Each structure stands twice: as C-alpha cells, then as structure tokens.
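Structural overview for review
Letter by letter, the chains look like this.
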Amino acid sequence: MQILKLALENTKSYNEAKFEFTPGTNAIVGANGAGKSTILEAIGFALFDSMNYRQADFVREGAKTATVTVTILSDLDERRYEITRRCGGSNQYYVFDPELNGKICEGKSDVLTFLKEHMQVDPAADLTALFTDAVGVPQGTLTAAFLQAASARKKAFDTLLQVEEYKEAADKLREPGRILRDQIQTMDLSLKEIETRLERLPELQTQVAARAKRLAELEEQQSQYKTQLDTLQVRIEAESAIQKEIILAQEEGRQLTQRLSSLTREIKGAREALSEAEQSQQLVLDNQAGYEAYQQAQNEQTALGKQQQERQKLEVKQNQISQVIARVEMEIEVQSRTLTEIEAAQQLVTDLAEAVQQQEKLEKEQEALERKRIQLTDLQRDLPTLEKRLSQLQHRQNKLETQLAGQADLAEKRQRLNDHLKVQQDRLPQFSHAMGQYQVEAESLKEQVSSLQNVDTAACPVCEQPLSASHRQALMQRNEARLKELRQAYSTTRKEEEEAKTQLEAGQSQLGGLDLQLRQLPRPEELQTVRTEAHECTDHLNRQQSQIETLEGEIPQLERTQKSLEELGNPRQRQALALDKISQREQVNQLLGKLSAKKENESKNRTEVADQLQAFSGLDQAIGSVQETLARSQSAYQAVLAHQQTAASLDLRKQNVITLQEEEESLQSKQVETAERLQNLAGQFNDEAFQALQKEAEDIRTEAVSTQAQSRLLQSDQQRDEAEVGRLQAMEAEQQTIVAQRTKLAYQADSLETIRTYLRQAGPYITRTLIQQVSSGANQIFGDLMQDYSRHLSWDEEYSIQLEVDGRSRHFPQLSGGEQMSAALSVRLALLREMSNIDIAFFDEPTTNLDATRRESLARQILEVKGFQQLFVISHDDTFEQSIENVIRLGE
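How each quantity is defined
Residues numbered from 1 in each chain as written. Predicted model: local features only at pLDDT ≥ 70, side-chain atom pairs only at ≥ 80, totals over all residues. Heavy atoms only, no water. Pairing = 2+ DSSP bridges. Helix = DSSP H or I, 4+ residues; strand = E, 2+ residues; numbered from the N terminus. Axes fitted to C-alpha atoms, helices over the stretch in contact; angles between N-to-C directions. Contact = heavy atoms within 4.5 Å. Expected span 1.5 Å × (residues − 1). Bend = angle between axes of the 7 residues up to and from the residue. Buried < 20%, exposed > 50% of the residue type's maximum accessible area, 1.4 Å probe, protein only. Parallel < 35°, antiparallel > 145°, perpendicular 65-115°, else oblique. Nonpolar A, V, L, I, M, F, W, Y, C, P; charged D, E, K, R; others polar.

Section: the sheet that holds strand β13 (residues 886–889)
- Judged by pairing direction, the sheet is parallel, and its four strands sit side by side in the order β11-β12-β3-β13 without closing on themselves. Only two strands of the sheet have a single neighbouring strand rather than two, namely β11 (840–844) and β13. Within the sheet, the average angular offset between the axes of one strand and its neighbour, ignoring direction, is 15°.
- Looking at chain direction, strand β3 (residues 24–29) and strand β12 (residues 870–875) are connected through six bridges and run parallel. Note on β12: the bridge partner recorded for G24 is Q870.
- Taken strand by strand, helix α1 (residues 36–48) contacts β3, β11 and β12, and its axis lies near 150° from that of β11.

If you want it as structure tokens, here you go:
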C-alpha cells in the first residue's frame, strides 16, 4: 500500500491543510509545535483506528468537527481510494471510490475490514497495536518498550504477535465440542425412548390383524340386514300409500264441512252489506245539490285567497319603500352636517401651519440628542470592559517578560544536564567491558582450579610440569584469593553500573522536564503582540473617555427640548386630523347626490304601489259572500262524503251474493263424492297387518344398528392401533436416522477435540518460530542500519534485545543511545515485515537527544533501510533534508 495524499480540516492546529507524498522517503520537517506529529496521528486515526487521547481533543479549538481524508494506492487491485474519518460533532467513517464516484463501504467495522484486505494483513490482526508498536511508534517511545520489565514487554508484544490466538481458538472450540456432546446425549435419550416404545409393535400388529377379520364378518352381516330391510320396505311403502290416501280423504271431508259452515255465515253478511249500500245510494241522491253548491263555493274561496295574498304583498312592499325613504332623508341630514365640519377643518389647517413647523424643528433636535444619549450609554457600558482588557493585557505582558527572562537560565541548565548525561552514557560500556574482563579471568581461574584439583593430571598452568602437593596447594589458595577479588570487583562494578543507569534514567527524566518547560515558554513574537495590543487598547480607552466627556455636556439640552414639545401639544396630529376631514369633501358631495336621486326614485315606486292596491277595493265583500255559502251547504257536503263510497259498491255487493251462493252448491256436491271414495279405500287397508310389517322391520333395523355400533367401535380401535403402528414404524426409520447422525456427530466431536489439542500444542512452537524469524530479520536490518555485519542482534522469547560483539553478549540497557535506537528500529521494522504485508513505516523524531554526529549517522542508516515502499521521517531539524527529494516543511 502507498499513501498518496493527506487532507486535514479543523484538526488540532490545522484549519485546513493538504499534503502529497511520494514513493521512497518523505521528510516532514518543522519546529516544535508546528504540527508534525498531528500528521502521523491523523494517518493512524484514519487507517489504523489509533488515537492515544480523546477524539474531542483532536478537534481544532472553536470548531465542531475534525475531518481526515487519506488517499491510498492499494496493492490488492492497484486502484486509488479515499478513506475519510470525522470526529467531534459528526462521526463518519467511509471509503470513497473516485472512479465510481461513490461510497463503497461505511461504518467502522466495514472500513477496518476493507483496510485489512487492501493492506493484506491477517483479518484477525489488531491494526491499532500494529500501528502503535510497529508502523508508527509515537515520539519518544521507540526504545521505551525494550527498557521495560519482561512482563510489560510481554503485554505489549503478545498482542502484536497474536500469541494468544491459538489458545483463544482452542477455547472457542470448547463450546462447539460441548454442543456436540449435548446433542449426542440428547440422541441417546431419544434412542432409549424409541426402543421402549417399539417393544409394543409386535403385539399391536397381531391385534390389528385379528380385528380386521372380525370387521369383515360384521360387514357381511350388515349386508344381509340391508337386503331384508329393502324387501320389507317395498311392502310397507305400498300399505303406507293406501293409508295416506285414507288420511287425505278424511282431511278433505273435514275441510269441506268447515268451508260450508263458513260459507253460510259469509252469505248472510253479504246480504246485509247489500242492504246497507242500497240505503247509502238513496242518501247521496237526496243531498247532491247541496254538495255541488259547497264545491263551487270552495273554488271561489281559493281564487279570492290568491287575490288576498297579492294585496298583502303590495302592502308589505309599500311599507318597505316608506322605511327606505325615511333612512335616506336621515342620511342626507348627516352628510349635510359633515359638510359644515369640513369647512371648519379648512380654517384649522391654516391656523396650525406655523405651530407644525415649530414641532418638526424640535423633533429633529430631540432625535439628534437621543442618538447622542444612546451613544453615551454604549460608551459608558463598554468602558469597564476596555479597562478590564487593558489590565489583562498588562498582566499578560508582565508574565511573558518574567517567563522569557528565565529562558536563558533553563537553556543553560539543560545544556549542562545534557553534557552530564553524555558522560554517564559513555561510562556504561566501560562497566560492561570491565565486567566482561572479570568474567573471562574468573572462567580461566576456575579451569585452573579444576585442573589442580585432579591429582592424577595436575600440572603447572604456566610450565605444564608436574606439581608438588605444597606447590599445588599454594596455587589453589592464590587462585581462590584472586577469584574472591574478582567476584568483589564484579559486584562493585555491577553496583556502579546500576547506580549509573539509575542516575541516567533520573537525568533523562529531568531533561524531559526541562524540554517540556522550554517548549511551554512563550515566543518573543507573542510578547511583542501583547505589547502592541496593550498600546492600541490604551489609545482606544483614552479616545472613548474623551467622547464620554463631550457627550455628557450635550445631554441636558435633551430635557429642555422634550419640555418644549410637550407645551406645544402636537399640532401636527391635529392638523393631520383636519386634513383627513377635508379629504372627505368630494366623497360627501357625491354621496348627497346619490341619496337625493334614491329618495326621488323610491317616492315614484311608492305611488305606483298605491295605484295597484286600488284594484282590490271590493275583495273583502266577495270573501264574506263565499263564506256564507260554505256555511249553508256544509251538512249536505258532509253527508255525501260519508255515504258516497258505500253507494258506489252496490253493484259489487250484488255480484258477491250471487258468487257465494254458487260456491255453496259446488261444495255440497264435492262433499258427497269424498264420502264415497273414503268408504272404498277403507275396504283395501288392514291396520293390524301394517303394524306387524313395521315391527318386523324395526326389529331388523335394531339388530343392524347394534351391529353397526359394534363395527364403529372396532373401526375406531383399529384406526387408533393402525396409526400407532404407523408411528412406531416411522420411529424405526427415525431410529436408524438418529443412529447414523449420532455416529457422524461422535466422529465430529472426536475430530474437534483432536484439533483443539493440536492448537494448544502448536501455539508455543509457532510463536517461537515467529520470534526466530523476526530476530533474523532484525539482525539483517541492524546490519544495514549500522553498515556493520560483524555484530549479531537477537530478540528472544522474553522479547529482550541482545547484541553480540566479538563473542560478548550485551543486553539492551547496556547499549549506547545510537545502538539502542538502531536495535529498536530493526526489531520493529522486522515485526512489521513479518506480521503483515505493510511496506510503509514512520520514524517520529528518531534522532531526539543525539548529538550532531550521531544524528547524521542514524539518519544515513535509516535512509539505507531496504524493503519498504515508503518511509516517513518526522524531525524538528534539517538532518534528513540533505538526501531526500520530497521534504514537507511546516511553519514556513
């Protein structure tokens, strides 16, 4: 993978910035605080999910959201992708494909999966640990991990090497194994239950066969009963048909008798109704003349009623017209008074003209003075703020001057401490060399003592001649004394070395504190800025105080102007009201003309309505005459209405009497015929024989029902047992299936346990192999860095670095500063090569605390590192600028 571009927006000290990178080595150079480490942090945040502090602290002060966009070139498909991550007010994480012009994945989980795939690292790898411990080790921590205790080193590098993954994989397989064992146990229980239930199968099959034979016998018996019942049913139906005809004839005779009795009553009633109709017809003829006179009077009354309604409408209209004329006359009077008021308003406008001019002049004066009063209030309100700001600036200026005054002392103190630490650093190899010499001499003396103790082969270690007992004893005593001296010297030197290391660590910690104090000191430019701002604030404050004094002398005039306006009494408002009244003149004149025309028109309408009412002068007399006729002929009219309908039914009632008499004669003839037919049928039917047939059929039917009930019970038992047999036979098939499945699961459980055993056993071997491979790679890189392949660098299973020089092995704390930096770089780069396909690396201030000679040497060594497509070197000095084409300078 190659990093092509980085874009930052509202991140820490950056408002907006863009950087482009090239293959090979890219140097990022700038003074302390210029934002170099922010570039490394942004890349780690976007590509490796690494952030060593709160995301809110990554957002620029005053902004809500920080945005990081890294453009990469993938080694997987050789295409460009843009990885964008936001934090703060908005949290977004997505991959954008410029060729497709769209997002191809979004969300932390999906984006990290995409990055692992295109970085070609293990899907289970921890990208954060890979970045922190290998790709982009933070500033000042490159060698820190290797100086820690073994337990701390194990915690740091176990995650990177994925040491625990084999044990975790084995542990994860424990649950599937338990599930398989539970499934096998469940199957064993099912098989036991099936075996218990299948014990009934043979007995059930025997019962089903016997019951089937009995059901066949019952079915044959049912068939015989059905044949007998069919024969009897034919005879019973024939006798039943004759019985039904007898019953129908008896019912018909009864109905004829009832109908003749009812018909006699109906004929009597019909004759009485005929007599009533004849009487009603005579009454109608007697009152016909009065009835017709009443109808004629009703028609005349209706016509006169319409005339009466028309007269009422005219009277209402006449009244409405009179009311309209009255309202118009009243409105004419009102508008005439308004014209008089308009004339008075015209004179008032002329009288107020001079006073209005005086009011406008005073109002302008008041407005100008009011603006000055507001300005004075604003100035007085802002004055304490300006005074407070000036006080703060003066305090800040004094503080900056005090801080900058101590800068030289801090710098001198740091230089003295740094020189002292270099002396201490140079002493450490002397201690290691002396202890090595003590060990070599001690080993030689131990070999001499061993030889001298062997009586048979004892010889002088110098001349190799046989030794006497006394001489041998003297030599052994001398060697023992020398060994004691060497052990004492070794112990003393070891204590001096540990004391020197302790002093060195304390001095380095003190040096870091001094560096922090120096970085926290303000810049001279900041003091100059504060001084300028304080001077400008003082000028502003003086100008504002002068303005306040001037305005305070002008404000009293405002009260005098307001009093003059109050005394004047607002003549402009009165003049405006008068002008508004004058503007109504034309409207009033037009309205008076319209009202006069309307009054004249309504007067004409009232005269026309009065003329129309004259046509109805005799209407009341005609209405009285019609009402007298109605009263006189009302009784005859009501008599005709009461008997008219009955008289009209006279012919119909005559015909009804004739029809009823004819029906009576017909029914009497049918009654005779029915009696003769009933007598004939009675001779053909024997009731006792019919009852005997029905009893015989009922007995056979009872036997058939009993047989059928017995058959149903047997069939129910048979269906139940056949279903049980079917279920048990299905269980037999299920039993075979479960047995096959259990065999398969048992094999899987055994295989799973075997895999778990291999995983537990393979973890330590694979870890040891990985460490050996990393150690070999680190040794090669160390040789490249130091341009010296005679020394052998190794990294052991406790993650400890050792350097073998001329047959002597030194631990990491015993190495010089340059050797420690190179060794740590070598191991971390080898880790990066071994644990992933990532071919990029970052060096954040790798030359910190080194003198100029060592900085240049380490810089040359880093630039010689092979096997990486891109290297990023972050430095606050120009050490790396000499040999690198792509240099990004910050703060210019």
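Structural notes on helix α15 (residues 634–648)
- When the terminal C-alpha atoms of α15 are compared, their 21 Å separation across 15 residues agrees well with the 21 Å that a helix rising 1.5 Å per residue should span.
- Roughly 35° is the biggest bend found in α15, and it falls at A642.
- Inspection of α15 places A636, Y637, V640, T646 and A647 among the buried residues, and these make up the whole buried set.
- Here the buried face of α15 lies against α6 (201–286), α7 (288–405) and α16 (650–682).

Concerning the sheet that holds strand β2 (residues 14–20)
- Overall, antiparallel pairing links the six strands, which are arranged β2-β1-β4-β5-β6-β7 in an open sheet. The open sheet has two edge strands with one neighbour each: β2 and β7 (102–106). On average, each strand axis in the sheet is tilted by 20° relative to the strand beside it, whichever way the strands run.
- Of the pairings in the sheet, the one linking strand β1 (residues 2–11) to β2 comprises six bridges and is antiparallel in character. Bridging from a neighbouring strand, L6 pairs with F19 of β2.
- α1 rests against β1, β2, β4 (65–73), β5 (80–88) and β6 (92–97) of the sheet, and its axis sits at about 105° to β1.
- Along the sheet, helix α2 (residues 108–119) contacts β5, β6 and β7; its crossing angle with β6, the most-contacted strand, is approximately 45°.

Brief notes about the packing of helix α10 (residues 524–554) against helix α11 (residues 556–568)
- Two elements in contact, α10 and α11, have axes whose closest approach is 4 Å; the angle formed by their N-to-C orientations is 30°. With respect to α11, the axis of α10 lies roughly parallel. Between α10, through E552, G553 and E554, and α11, the contact on the second element is made entirely by P556, Q557 and L558.
- Class assignment for the residues of the contact of α10 with α11 results in two nonpolar, two polar and two charged.

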